[in-house]
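Structural features, examined
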Amino acid sequence: MVEIGKTVLDKGWLAARSTEIDLTGIQLTTTHPPSATPLSLPWMDAHVPGTVLATLLKNKLIPDPFYGLENESIIDIADSGREYYTFWFFTSFQCKPMSNQHVDLNFRAINYSGEVYLNGHRRVLPKGMFRRHSLDVTDILHPDGQNLLAVIVYPPDHPGKIPPEGGQGGDHEIGKDVATQYVEGWDWMAPIRDRNTGIWDEVSVSVTGPVKIVDPHLVASFFDGCRRVYLHATTELVNKSSSVAECDLNIQVTTELEGSICLVEHLQKEHVSILPGGHVQYTFPEAFFYKPNLWWPNGMGKQSLYNVEISVEVKGFGESDSWSQPFGFRKIESHIDTATGGRLFKVNDEPIFIRGGNWILSDGLLRLSDKRYQTDIKFHADMNFNMIRCWGGGLAERPEFYHYCDIYGLLVWQEFWITGDVDGRGDPISNPDGPLDHDLFMFCARDTVKLLRNHPSLALWVGGNEQVPPDDINTALKNDLKLHPYFQKLNGSENSTKELSPVLKDPSQYLDGTRIYVQGSMWDGFANGKGDFTDGPYEIQNPENFFKDDFYMYGFNPEVGSVGMPVAATIRATMPPEGWQIPLFTKQSDGYVKEVPNPIWDYHKYIPYSKPNLVHDQVLQYGSTKDLDDFCLKAQLVNYIQYRALLEGWTSRMWIKYTGVLIWKTQNPWTGLRGQFYDHLHDQTAGFYGCRSAAEPIHVQLNLATYFIEVVNTTATRLSNVAIEVSVWDLDGACPYYKVTEVLSVPSKSTVPIIEMKYPKSKKPKPVYFLLLKFYNVSDESILSRNFYWLHPPGGDYKSLEPYRKKTVPLKITSLTMIRGSSYEMRMHVQNTSKKQDSKNLLYKNNFVDSNDDNDYDSSSSGPGHSHEEQQLNIVQRIYRKFSGEPNGLRTVEINGSATGVAFFLHFSVHASKKDQKEGEDTRILPVPPQKLLFKVGITMVLTLSIINPGQDLI
């Protein structure tokens, strides 16, 4: 008997262009199968899951479309015709079921339609990029168990043409299909030549007994302030046999304790009879939980997950099928806030101020891996974000994406496949009727809901980007996604303390029933709420503008964007030398500067760091730029200030003016040069760290418009017996301004202005100075938040930092490397040894509160009065405590220097140690997360971004 369960078919695939194959699908899967050993043309190794372009690139038959201008040398489907990108895919698999077992061949998604041939038998894969296909192949498997599978995949029916001027969604023809729309190009993306044709998601074979479990739905209802919780579960059961199936249906809920020990929280068995060939929807009796561990968004608490397993045993057979899902108990609700007009979200009865970003997809060739998803989502959590918006021109994201959002606490706004540019509001005006086949759109929408609805991270459904779906689709979505009466109450009035009425339909019997549906991204609490184009802006801003009353007038901005230049190493890795030329700076008659980028930067959608008539060039604020390294370094300084100011400006008006903001965008699905906090190679920009600072749950900040120091407390706890240390440092390392506030108490869920920072009003403020803010517990001097600014008086600039770069500030770097199998973990302690600390500075030790979540900073065990040697010992002890495993030795490196001052904008990176390294070769090891660091053998450093004052240390 073949083992019950799923086998993923992700290896051994071959591919060939259909016009180069003279054989039929029947022949390919019977008498003339291609051979992988030896592999002969036109067959090649295939990238499955992936697209045709991914396969061609894997075999070096096209240049890398994301490198330089190489995309222009790849023929577009509009010029080649659909046949050119119609491909055969072939593999074989072993499966020999017993007579009472059943086998399904599953395609979680293809683009756009196809035909399947298995052992000479043909099946059709209908149109639609966002639908699952499950084929019962029990009767056509080969008797000896060796099965031959061939799939021909056809591109979208309406791939469209790319106008010479480009544009948002090309000629908009792609909107006639139910497919991703970005593939015709956008103002941040070059066209994808095959329009993402291919087997782009998981292929699997599943084996069951007589009865199959289909699309279970889990729902939790909450009462008495989340103390009493009920789990509701409904599943479809399909009897594939020709006799009545007497079934025992089991549901088990477990939670993992220490190690691999699991505690069974709930176990229930029900009896079900299913007629031959019958389909039954079965709802379990609700299961009661008292004070379960709740799932919280990032920054609000732990992401507690239970494992829910449903299994079915059939009399005379045994276990027939099983299904399991990590599930988080969390209550989510939202309403339009009367104070701000913005949509306000609550999780587990706590308001959550939304700070997050827009997401297109991980990779434009749909090379979507579990590892890449984990890195992407972890990066968002590392930036202290709590929401990701899946933009309507991209994907209905995959379960792996949602899994890591569940793990790391990112709420998800999932849109359907409508955009204003392609669906009625484009230039020229596009088709307002959406796809040609509205029934297909709704089939894909319902199937997507079933695929994703059990994830606690999924927060809401939205009809489209900057547009609502056509009337009939919008009405159908509203009806299909209507809330259960219990959840209507949550999203409209006070919570009930009573159990659900027995006369009500169980909430797990709804398609979703638990999450709101909003018809478009600028409606009903987003932007101006009426659908007018009131999102944005998308260019460089003066940092202080983000704090001004007139910057943005509505409560929740779903899109606001800016610059996104990566580091110089990424430019060299993704462009030929002619792409290393920095922009020309053309001075206008009014004194503003216009940037003129080179053609490669222009192709990669570069956003300038100037905005003539409104914003002076922010890079040139640091002086003229001489080469790529110089430009990119100064751009990182701007990136940090720009995005920290954006989020701090929004947070400054938390609940008073705003309920949330989503930045456009957090990343690019290719090597783009705008709107990103890490590049396509997974190296962070300084904007990453600016967001990471600004979006701390507890944060101290400077209002750049008023110069008042503010404390942000997004937590549910009042902060008592706290204070702020304010110190100003000049370029010589002196501290001309120092102040400690009186003891403070900061309410929960609030932003409070504390005191004005008056140094700029002093008699002779320095032309450039550093401001260090530390918000700390008075009782033990442990730091809750640390924020560092470089500033100039009004009308000034940062040009005096240019000679400062030549200073060599002495540093002492202590590192500990631990080996875990084939991976290394490294912890670094960096100390500025240039000057003995001024005794009036209380917090020179950077004694950070331990948040127990592997953040950059740990709490120091060294209290006041400890000697320097004792402090150093404590630092080493802390590093050792952080890891388990075998230590590889404590190492100390000293960078000698005679200069005194702040060690400013340190940037460490991880590189491979190579003896045969070529000049200019990119030796970076990526990705490197900014928290606990895991990387392979052959490393030399760790990446972080730090500013260290004289005499201070930092871990």
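Now for a quick tour of the structure.

So, how was this worked out
Residues numbered from 1 in each chain as written. Predicted model: local features only at pLDDT ≥ 70, side-chain atom pairs only at ≥ 80, totals over all residues. Heavy atoms only, no water. Helix = DSSP H or I, 4+ residues; strand = E, 2+ residues; numbered from the N terminus. Expected span 1.5 Å × (residues − 1). Buried < 20%, exposed > 50% of the residue type's maximum accessible area, 1.4 Å probe, protein only. Contact = heavy atoms within 4.5 Å. Salt bridge = Lys/Arg side-chain N within 4 Å of Asp/Glu carboxyl O.

With 13 residues, helix H4 (residues 370-382) should reach 18 Å at 1.5 Å per residue; the first-to-last C-alpha distance of 18 Å fits that figure. Burial within H4 is extensive, with ten of its 13 residues counted as buried. Arg372, Tyr373, Thr375, Asp376, Ile377, Lys378, Phe379, His380, Ala381 and Asp382 are the residues of H4 that are buried. Close packing links the buried residues of H4 with strand S22 (354-359), strand S23 (387-390), helix H5 (399-408) and helix H12 (686-694). In the segment just after H4, Asn384 is the residue with positive phi, at about 65 degrees.

All right, on to helix H6 (residues 438-452) then. In this model H6 runs 21 Å from its N-terminal to its C-terminal C-alpha over 15 residues, within 8% of the 21 Å that 1.5 Å per residue would give. Burial within H6 is extensive, with eleven of its 15 residues counted as buried. Taken as a whole, H6 has its buried residues at His438, Leu440, Phe441, Met442, Cys444, Ala445, Asp447, Thr448, Val449, Leu451 and Leu452. Buried residues belonging to H6 abut H5, strand S24 (411-415), strand S25 (458-462) and helix H7 (471-480).

Further remarks concern the pattern of salt bridges. The final tally for this structure, using the stated rule, is 38 salt bridges. As a salt-bridge pair, Asp363 and Arg367 come within 2.8 Å of each other at their nearest N and O atoms. The class for Arg367 is partly exposed, based on a relative accessible area of 25%. Counted as one network, the salt bridges with shared partners bring together Glu72, Asp76, Arg193 and Arg195.

What follows deals with the environment of Ile656. Relative to the assigned elements, Ile656 resides in the loop between helix H11 (628-652) and strand S30 (660-664). Among the residues examined, Ile656 registers a relative accessible area of 61% and is labelled exposed. Each C-alpha atom of the pair Ile656 and Ala339 lies 7.0 Å from the other, and the pair is 317 residues apart in sequence. Apart from residues lying up to four places away in sequence, Ile656 is in contact with Ala339 and Thr340.

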